[in-house]
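A closer look at the structure
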Amino acid sequence: PIEIVGLTGGIGSGKTAAANHFAALGIPVVDTDLIAHQLTGPGGAAMPAIAASFGADLVSASGALDRARMRALVFADTSCRRKLESVLHPLIHAESMRQLAVARGPYAMLVVPLLFETSAYLTLVRRSLLVDCPEEVQLARVQARSGLSADAVRAIMAAQMTRAQRLALADDVIDNGGTLAALQLQVEAKHQYYLANLAHGQ
Ligand code: ATP
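Residues numbered from 1 in each chain as written. Predicted model: local features only at pLDDT ≥ 70, side-chain atom pairs only at ≥ 80, totals over all residues.

1. Quick look at the overall build of the chain
- In terms of helices and strands, the chain carries 10 helices and 5 strands.
- In terms of overall dimensions, the chain is globule-like: its C-alpha atoms have a radius of gyration of 18 Å, near the 17 Å expected for 202 residues.
- Taken along the three principal axes of its C-alpha coordinates, the chain extends 50 × 40 × 25 Å.
- Looking at the chain as a whole, 29% of its 202 residues qualify as buried.
- Contacts spanning at least 24 positions in sequence make up 71% of the contacts within the chain whose residues lie at least 6 apart. (Helix = DSSP H or I, 4+ residues; strand = E, 2+ residues; numbered from the N terminus. Rg over C-alpha atoms; globule rule 2.2 N^0.38 Å. Buried ≥ 20, exposed ≤ 12 C-beta atoms within 10 Å, placed from the backbone. Contact = placed C-beta atoms within 7 Å.)

2. Here's the deal with the pairing of strand β4 (residues 127-132)
- With 5 of 6 residues buried, β4 is to be regarded as a mostly interior element.
- When β4 meets strand β5 (residues 172-175), the two strands line up parallel, connected through 4 bridges. Bridge pairing in β5 links L129 to D172. (Pairing = 2+ DSSP bridges.)

3. Here's the deal with the domain arrangement of the chain
- Segmenting the chain into domains produces domain 1 (4-28 + 103-197) and domain 2 (40-91).
- One C-alpha centre belongs to domain 1, the other to domain 2; they are set 26 Å apart. (Domains from an automatic or database assignment.)

4. With respect to the packing of helix α4 (residues 67-76) against helix α5 (residues 78-102)
- Two elements in contact, α4 and α5, have axes whose closest approach is 5 Å; the angle formed by their N-to-C orientations is 125°. The orientation of α4 with respect to α5, classified from their angle, is oblique. In contact with M70, L73 and V74 of α4, α5 contributes C80, R81 and L84.
- A breakdown of the residues in the contact of α4 with α5 according to their chemical character gives 5 nonpolar, no polar and 1 charged. (Axes fitted to C-alpha atoms, helices over the stretch in contact; angles between N-to-C directions. Parallel < 35°, antiparallel > 145°, perpendicular 65-115°, else oblique. Nonpolar A, V, L, I, M, F, W, Y, C, P; charged D, E, K, R; others polar.)

5. Notes on the nonpolar core
- Ranked by internal contacts, the top residues of the largest apolar core, which has 26 residues, are V5, L7, A18, M109, L110 and V111.
- When residues in this core are grouped by element, the largest group, 4 residues, is from strand β3 (residues 108-111).
- Non-local contacts of V5, meaning those with residues more than four positions away in its chain, are made with Y107, M109, V125, R126, R127, L129 and Y194.
- The next biggest cluster of nonpolar side chains, apart from the first, holds 11 residues, and it includes I35, M47, L65 and I92. (Core = buried A, V, L, I, M, F, W, Y, C linked by C-beta atoms within 7 Å.)

6. Focus: the UniProt feature "binding site: ATP" (unreviewed entry) in the chain
- Those residues carrying the UniProt feature "binding site: ATP" (unreviewed entry) are G12, S13, G14, K15, T16 and A17 in this numbering.
- Considering the arrangement of structural elements, one finds S13 in the loop between β1 (4-8) and α1 (15-24).
- Here S13 is in contact with V131, D132, C133, Q138 and N176, once residues within four sequence places are set aside.
- By the secondary structure assignment, T16 is in helix α1.
- With 17 C-beta atoms counted inside 10 Å, the residue T16 sits in the partly exposed group. (UniProt positions renumbered as here; feature names shortened; annotations may be inferred.)

7. Regarding helix α2 (residues 32-39)
- Those residues of α2 not exposed but buried are T32, I35 and L39. Viewed end-on, α2 has its buried residues packed into an arc of 55°, placing them on one side of the element.
- The inward-facing, buried residues of α2 contact β2 (29-31), α5 and β3. (Arc of directions from axis to C-beta.)

Structure (structure tokens):
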């Protein structure tokens, strides 16, 4: 079977930017965030269970999850958060497994924001690859992208593992404190390493 590299990092660290470059190099990418988004999009496979668990007012006119309402609900109530996770996580995992089973390439990338916290994914991966950057850079990039206040971004970062904890757990690290070009060069170096060490004859 194909070897899997788990790609992780804090919010706004550059996981998507790194994954996009692996994809450009021909590596199949399975992105759990993207899968979660699709499952809760219009007509998504999670929507019947979400409507059953939370009621029809969490479903927008298009048949997608009303993300703003759900965010407010799970933010205010941890039992709601757990209920949502119990609906979504098995579906995300099953779809990830399905995509990995059909992935073809020298190795595959599995993008999981909370890789080190989630044994169901950690046990699948042969190596973990952390996209790392200084917290102030992370903060600035997330703010620029989302328009959230610095305090709101700091609150999200505070709820995640610390940078030092992630660095201690990762097998491999990409430094995304610099330019996108610098990120891409490091992706290419890791790609060569994985080709040499993970790829079976195809
Ligand atoms: P999330 O956890 O929110 O899904 P992520 O880890 O996937 O985020 P990206 O979406 O790749 O992170 O990057 C966050 C933002 O920072 C994006 O707007 C992206 O374009 C930008 N960005 C990423 N890397 C760099 C870089 N090296 N230089 C400048 N901007 C960057």
